[in-house]
Amino acid sequence: MMPYCKAHGIGFIPFSPLHQGDLAKPVSQSTTRRNTAKGGVLERALGEEDQVIISRVEEISKRRNWKMNEVGLAWIDAKVTSPLVGCNTVSSADG
């Protein structure tokens, strides 16, 4: 989709650039969001492709000594017109 938008001058605005926080923490790491969603209607199963992407973001973050969310947002910054980034906590806003 990204090449099509770029070729036709169409702006792209992702609604959840960090995939609801999944690109901010390793797949294996337990988070409050993941734990509270378990067994409920908001639980999302990560597909194999999701896990590969999250693992790749983790690998890049370790190599560059960045946080995972910084890797995800750097990619978004290079690819999209205007990302919509929200924070759930004050510490998230501090970066």
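A few points on the structure. Every value quoted in this text rests on a predicted model; they were computed, and no experiment measured them.

Thoughts on helix H3 (residues 48-64)
Taking 1.5 Å per residue as the helical rise, H3 with its 17 residues ought to reach 24 Å, and the 25 Å between its terminal C-alpha atoms agrees with that figure. Residues Ile54, Val57, Glu58, Ile60 and Ser61 constitute the buried set of H3. Buried residues along H3 cover an arc of 165 degrees about the axis, so they all sit on one side. The exposed set on the far side of H3, more than 90 degrees from its buried face, consists of Glu48, Glu49, Val52, Lys62 and Arg63. The inward-facing, buried residues of H3 abut helix H4 (68-79). Phi turns positive, to about 60 degrees, at Asn65, one or two residues after H3.

Observations concerning the layout of surface pockets
For the second largest pocket, the calculated volume is near 380 Å³. Residue lining of the second largest pocket: 16 residues in total, with Arg33, Arg34, Ala37, Glu43 and Arg44 positioned closest to the centre. Tallied by class, residues from the lining of the second largest pocket come to 5 nonpolar, 5 polar and 6 charged.

What to know about the pattern of salt bridges
Scanning all chains against the criterion turns up 3 salt bridges. When the shortest N-O distance is used, the salt bridge between Lys62 and Glu58 registers 3.2 Å. Of this pair, Lys62 and Glu58 both sit in helix H3, 4 residues apart, which is roughly one turn of the helix. Residue class for Lys62 comes out exposed when judged on its relative accessible area of 61%. Take Glu58: its relative accessible area is 19%, and that puts it in the buried class. Linking Arg63 and Glu59 is a salt bridge whose minimum nitrogen-to-oxygen distance equals 3.7 Å. Here Arg63 pairs with Glu59, and both are found in helix H3, just 4 residues apart, close to one helical turn. For Arg63, a relative accessible area of 56% translates into the label exposed. The network of salt bridges with common partners includes Arg56, Glu59 and Arg63.

Side note on the environment of Asp50
Here Asp50 lies in helix H3. A residue is classified by how much of its surface remains accessible, and Asp50, at 27% relative accessible area, is partly exposed. Sequence separation of Asp50 and Asp22 is 28 residues, and the distance between their C-alpha atoms is 8.8 Å. Leave out the neighbours within four places in its chain, and Asp50 touches His19 and Ala45. In terms of polar contacts, Asp50 uses its side chain to reach the backbone amide nitrogen of Gly47, at 2.9 Å.

Analysis parameters
Residues numbered from 1 in each chain as written. Predicted model: local features only at pLDDT ≥ 70, side-chain atom pairs only at ≥ 80, totals over all residues. Heavy atoms only, no water. Helix = DSSP H or I, 4+ residues; strand = E, 2+ residues; numbered from the N terminus. Expected span 1.5 Å × (residues − 1). Buried < 20%, exposed > 50% of the residue type's maximum accessible area, 1.4 Å probe, protein only. Arc of directions from axis to C-beta. Contact = heavy atoms within 4.5 Å. 1 Å grid on protein atoms, 1.4 Å probe; cavity = no way out; pocket = protein on both sides within 12 Å on 5 of 7 lines; lining within 4 Å. Points joined across faces, edges and corners; volume = space filled by probe spheres on them. Nonpolar A, V, L, I, M, F, W, Y, C, P; charged D, E, K, R; others polar. Salt bridge = Lys/Arg side-chain N within 4 Å of Asp/Glu carboxyl O. Polar contact = N/O pair within 3.5 Å; in protein donor to acceptor, adjacent residues only side chain to side chain.

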